[in-house]
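An overview of the molecular structure
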Amino acid sequence: MIEILRAQPEDADALKKIAIAAKGHWGYDEPLMAQWAQTPIITPEAIAADCVYKGCDGVSIIAWHRLLTSVPTAILDDLWVLPTWIGHGIGRRLFQHAIAQAQLAGALAIELDADPNAAPFYARMGCQMIGESWTEWGRTIPRMRYTLPANIARRA
Ligand SMILES: CC(C)(COP(=O)(O)OP(=O)(O)OC[C@H]1O[C@@H](n2cnc3c(N)ncnc32)[C@H](O)[C@@H]1OP(=O)(O)O)[C@@H](O)C(=O)NCCC(=O)NCCS
């Protein structure tokens, strides 16, 4: 059974390793990946300050997300699943967990900059592409938005 728990500052190294392994799943060039791995990605301070949750299989951490609970639009800054667990429904569970957290915080929507390989996943989760964001890798990636259900109900 996969449990979703609040991440702790001491999880920072494990979460960073998962992010690097997950992004590496898309086969990006080694130099780009090595450069990215030198950046903080996630720190104990960010875990303490932000809404960071981990998926655990009972033994170890297998996935995590970080939500910046700003209103009216929360930002999903990270969502990473360990490659051996990709395609097993963990991403959906963490995305739904982030939706619940955003709703609790009073947000009306979640926005994120999607890795192009992950954009179909976000579309499957109900996100819509609303534009493009420029990245440090010299490329544009999809900016996506999920409108929270309560907001849809309010407008209906
Ligand atoms: C993107 C990611 C978070 C998705 O998590 P996951 O656990 O593999 O996704 P799930 O198994 O929960 O899939 C949920 C649904 O989305 C679909 N889906 C998942 N990834 C997909 C993809 N890359 N392309 C198309 N559909 C995808 C699944 O088929 C499933 O569809 P269903 O509703 O018919 O069952 C995960 O693949 C990952 O961490 N990738 C590498 C890192 C990354 O790109 N992270 C996002 C950074 S913005």
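First, a word on what this report is: a plain description of the structure on this page.

Our focus in this paragraph is the environment of Ile4. With respect to the secondary-structure elements, Ile4 resides in strand β1 (residues 3-6). Those residues in contact with Ile4 that lie beyond four places of it in its chain are Tyr53, Lys54, Arg93, Leu94 and His97.

A few words on the site of the ligand. The environment of the ligand is formed by 22 residues, the closest being Trp26, Gly87, Gly89, Gly91 and Arg92. With respect to the ligand, the backbone of His88 contributes an N or O atom lying 3.4 Å from an oxygen atom. One of the backbone N or O atoms of Gly91 is found 2.7 Å from an oxygen atom in the ligand. Notes on the ligand: free accessible area 910 Å², of which the protein chains cover 76%. If you map the ligand onto the pockets, it falls in the largest pocket. Where the shell around the ligand is concerned, the elements lending two or more residues are β4 (73-81), α4 (90-104) and α5 (119-124). Sort the elements by how many residues they give to the shell around the ligand and α5 lands first, with four residues.

Relative to the elements of secondary structure, Ser133 occurs in strand β6 (residues 128-134). Given the relative accessible area of 16%, Ser133 is considered buried. One polar contact links Ser133 to Asp113, side chain to side chain, over a distance of 2.5 Å. Those residues in contact with Ser133 that lie beyond four places of it in its chain are Asp113, Arg139, Thr140, Ile141 and Arg143.

By volume, the largest pocket amounts to about 980 Å³. Forming the boundary of the largest pocket are 38 residues, of which Leu79, Trp80, Asp113, Asp115 and Tyr122 lie nearest the centre. Residue assignment for the lining of the largest pocket shows that the elements contributing at least two residues are α1 (12-24), β4, α4, β5 (109-113), α5, β6 and β7 (140-147). Among the elements that take part in the lining of the largest pocket, β4 stands out by supplying seven residues, more than any other. For the lining of the largest pocket, the class distribution of residues is 20 nonpolar, eight polar and ten charged.

All chains considered together, the criterion is met by eight salt bridges. Salt-bridge contacts for Asp113 lead to Arg143; the nearest nitrogen and oxygen are separated by 3.1 Å. Of this pair, Asp113 sits in strand β5 while Arg143 sits in strand β7, and the two are 30 residues apart along the sequence. Given the relative accessible area of 37%, Asp113 is considered partly exposed. Take Arg143: its relative accessible area is 19%, and that puts it in the buried class. Residues Arg139 and Asp115 are paired through a salt bridge, measuring 3.8 Å at the closest nitrogen-oxygen approach.

Analysis parameters
Every chain is numbered independently, its residues counted from 1 as its sequence is written. Local features in this predicted model are restricted to residues of pLDDT 70 or higher, and side-chain atom pairs are both shown and tallied only at a pLDDT of 80 or more, whereas totals for entire chains, interfaces and linings draw on every residue. For side-chain calculations, the full set of non-hydrogen atoms in the structure is used, while hydrogens and water are omitted. Helix and strand definitions follow DSSP, with helices as H or I runs of at least four residues and strands as E runs of at least two, each counted in order from the N terminus. Between two residues, a contact is recorded if the distance between any of their heavy atoms is within 4.5 Å. The nearness test applies per residue and asks whether one of its heavy atoms lies within 4 Å of the molecule or strand. Each polar contact in these results corresponds to two N or O atoms within 3.5 Å; when the atoms are within protein, one needs to be able to donate a hydrogen and the other to accept it, and residues that are neighboring in sequence are counted only if both atoms are side-chain atoms. Note on areas: these come from Shrake-Rupley sampling with a 1.4 Å probe, and a residue is covered only by the protein chains present in the view. Here a cavity is any set of points on a 1 Å grid over the protein atoms alone where a 1.4 Å probe fits but cannot get out, and a pocket is any open set with protein on both sides within 12 Å along at least 5 of 7 lines; a residue lines the site when it has an atom within 4 Å of a point. For this analysis, a molecule is said to be in a pocket or cavity if more than half of its atoms are within 2 Å of the grid points defining it. When accessible area is computed with a 1.4 Å probe and restricted to protein chains, residues below 20% of their type maximum are described as buried, those above 50% as exposed, and intermediate ones as partly exposed. Grid points are joined across faces, edges and corners, and a volume is the space filled by probe spheres set on the points. Three classes are used: nonpolar for Ala, Val, Leu, Ile, Met, Phe, Trp, Tyr, Cys and Pro, charged for Asp, Glu, Lys and Arg, and polar for all others, with Gly counted as polar. The term salt bridge refers to a side-chain nitrogen of Lys or Arg lying within 4 Å of a carboxyl oxygen of Asp or Glu.

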